[in-house]
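Observations on the model geometry
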Amino acid sequence: MKRQKMGKRNILLAAGALFLGFSLIVGSSTALAKTAKEIDVGVDAALEQFKKEIKGGEEFLKSAKGVLVFPDVIKAAFIVGGTGGSGALRIGGKTVDYYNTAGASFGLSIGAQSMRIIIVFMQDDALKKFRESQGWEAGVDGSVALIDVGTGGSIDTTNIKDPIVAFAFGNKGLMADLSLAGSKYTKIVPDK
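Notes on the structure in this doc start here. (Residues numbered from 1 in each chain as written. Predicted model: local features only at pLDDT ≥ 70, side-chain atom pairs only at ≥ 80, totals over all residues. Heavy atoms only, no water.)

**Here's the deal with the nonpolar core**
Residues I118 and V120 are the most contacted members of the largest nonpolar core, which totals 21 residues. Looking at this core, the elements with two or more residues in it are α2 (36-53), α3 (57-62), β1 (66-91), β2 (94-121) and β5 (164-169). Residues within four places of V120 in sequence aside, it is in contact with F60, L61, A64, G66, P163, I164, V165 and F167. Listed in part, the 16 residues of the second largest apolar core include L68, V73, M115 and L127. (Core = buried A, V, L, I, M, F, W, Y, C linked by side-chain atoms within 4.5 Å. Buried < 20%, exposed > 50% of the residue type's maximum accessible area, 1.4 Å probe, protein only. Helix = DSSP H or I, 4+ residues; strand = E, 2+ residues; numbered from the N terminus. Contact = heavy atoms within 4.5 Å.)

Here it is, written out as structure tokens:
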């Protein structure tokens, strides 16, 4: 009898975790919906923070073919997790498209954090493939190298050879397993 109760308890815990994860994923795409103006204001702030805090950041961004900026990505998990946020793709310093990011995870993760993610397209063909996709997935449709900022907050651009690189910063909480693999990026048309 005791063994049967433990089995039911585990099933209820798993169902609860799945429900929480599903709620996070669905909630991230609806509750975080923003206007184009709100997204652009957040993108401007994220880029300014990046340029201010990362030595060589402004020069690095100038060499990019395109920059996809998510100023407020929420990642939360309790065994099952979800990630979501809205951002903008800039080419030549101007917003050309808006995107949502969403992802799911399953594993021993507990916690929540808010972060800013900047994905930099260093090659024209990588940017073109991204823009032509109908829902681009990191790690499947293109590899994204997550760059660690060096000592003193500087970027060693001589060692960056990847066609797509990303930076995550401004964390407001602790969470293990910082990875963009499996995150999906979909073009949106936000309200003006």
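**Concerning the packing of aromatic side chains**
Tallied over the entire structure, the rule returns 5 aromatic pairs. Considering the side-chain rings of F70 and Y185, the 5.5 Å spacing of their centres and the 45° angle between planes classify their relative orientation as tilted. With F70 in strand β1 and Y185 in strand β6 (residues 184-188), the pair connects residues that are 115 residues apart, well separated along the chain. Y185 shares its class with F70; the two are buried. An angle of 40° between the planes, with centres 5.0 Å apart, marks the rings of F121 and F130 as tilted. Assigned by exposure class, F121 and F130 land together as buried. Aromatic rings pair up to connect F50, F60 and F167 into one cluster. (Phe/Tyr/Trp six-rings, centres within 6.5 Å; stacked < 30°, edge-to-face > 60°.)

**Section: the environment of Q123**
Inspection of the secondary structure puts Q123 in the loop between β2 and α4 (124-132). For the pair Q123 and S63, spaced 60 residues apart in the sequence, the C-alpha separation amounts to 9.7 Å. Ignoring anything within four residues of it in the chain, the contact list for Q123 reads K65, K161 and P163.

**Some details on α4**
What α4 keeps buried is the set A126, L127 and F130. The arc enclosing the buried residues of α4, seen along the axis, measures out at 95°, which places them on a common side. For α4, the exposed residues lying more than 90 degrees away from the buried face are D124, D125, K128 and E132. (Arc of directions from axis to C-beta.)

**Section: α2**
The terminal C-alpha atoms of α2, which comprises 18 residues, lie 26 Å apart, in line with the 26 Å expected from a rise of 1.5 Å per residue. Among all positions in α2, only A36, I39, D40, G42, V43, A46, L47, Q49 and F50 are buried. (Expected span 1.5 Å × (residues − 1).)

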